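The residues making up each chain are set out below.
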Amino acid sequence: MTDTIIYASKLRVRLSANDAHYGGRLVNGAHLLSLFGDIATELAILHDGDEGLLAGYESIEFLAPLYAGDFVEVTGSITRVGRTSRRIEFEAYKVISARHDISDSAADVLSQPVLVGRAVGTTVVKTELQRKTRDL
């Protein structure tokens, strides 16, 4: 991330069996995008007092698999602000890994989080819905 961070947010969740979409308890990448969307919503509320709308992504990378039982920590930062647009950089790290090879309930806290995905997106908040004043 090279731009200035204006607002940042973090979310940590456990991926459940309901999140698994493929064989072997693999979670699909769309679930990660849903978590990025949650972060974008929070950032828009922090910045503008309105949820805004995640309009699109300029880049998305899925770098490692996620499985049911894993814990993932998702972060997002507003790095650029336009009149109605906010550029957000997202990252997702696996911080706890399910160990289904040992038992259905075994898991390991990772000594180093594993970067599993990142993206850059734009959220938009209509001018008439922006309720916060800023000195930027």
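Just so you know, the residues in each chain are numbered from 1, in the order the chain's sequence is written. Under the rules for a predicted model, residues below a pLDDT of 70 receive no local features and side-chain atom pairs below 80 are neither given nor counted, while totals for whole chains, interfaces and linings still include all residues. Computation of side-chain values covers all heavy atoms of the structure but excludes hydrogens and water.

(A) Representation of the overall build of the protein chain in the model. Helix and strand labels come from DSSP, where a helix needs a run of H or I of at least four residues and a strand needs a run of E of at least two; each type is numbered from the N terminus. Of regular secondary structure, the protein chain possesses one helix and eight strands. Helices (α) and strands (β) of the protein chain occur, in sequence order from the N terminus, as β-β-β-α-β-β-β-β-β. In terms of principal-axis extent, the alpha carbons of the protein chain reach across some 55 × 25 × 25 Å. Burial status across the protein chain gives 36% buried among its 136 residues. Taking as baseline every contact in the protein chain between residues at least 6 positions apart, the subset at least 24 positions apart corresponds to 74%. Only the protein chains shown count as cover for residues, and the accessible areas themselves come from Shrake-Rupley with a 1.4 Å probe. Total accessible area on the protein chain stands at roughly 7700 Å², and carbon and sulfur atoms take up 50% of it. Positive charges come from Lys and Arg, negative ones from Asp and Glu, while His and the chain ends are left out of the count. All charge positions are set by atom: Lys at NZ, Arg at CZ, Asp at CG, Glu at CD. Within the protein chain, the 18 negative side-chain charges are centred at a point lying 2 Å from the centre of the 15 positive side-chain charges. Think of it in three bands: with a 1.4 Å probe and only protein chains considered, a residue is buried below 20% of the maximum accessible area for its type, exposed above 50%, and partly exposed in between. Contacts are assigned to residue pairs that have any heavy atoms within 4.5 Å of one another.

(B) The arrangement of the nonpolar core in detail. Nine residue types can take part in a nonpolar core, namely buried Ala, Val, Leu, Ile, Met, Phe, Trp, Tyr and Cys, and a core is a set of them joined through side-chain atoms within 4.5 Å. Grouped together as the largest cluster of nonpolar side chains are 17 residues, with contacts concentrated most on Leu-32, Phe-36, Leu-66, Val-72, Val-74, Phe-90 and Ala-92. For this core, the elements supplying multiple residues, two or more each, are helix H1 (29-48), strand E6 (71-81), strand E7 (85-98) and strand E8 (107-124). With six residues, H1 is the single largest residue contributor to this core. Ignoring any residue separated from it by four or fewer positions in sequence, one finds Val-74 in contact with Ser-9, Lys-10, Leu-11, Leu-32, Leu-35, Phe-36, Ile-39, Glu-91 and Ala-92.

(C) View of unusual backbone geometry. The backbone of Arg-25 sits at a positive phi, close to 65°, despite the residue not being glycine. Structurally, Arg-25 is set in the loop between strand E2 (20-22) and strand E3 (26-27). The partly exposed category is assigned to Arg-25, whose relative accessible area is 33%.

(D) Representation of the environment of Leu-43 in the model. Within the secondary structure layout, Leu-43 lies in helix H1. Taking the C-alpha atoms as reference, Leu-43 lies 7.1 Å from Ile-78; in sequence the two are 35 residues apart. Not counting the four nearest positions on each side in its chain, Leu-43 is found in contact with Tyr-7, Ala-8, Ser-9, Gly-76, Ser-77, Ile-78 and Ile-88.

Function cannot be read off these values alone, since they describe shape.
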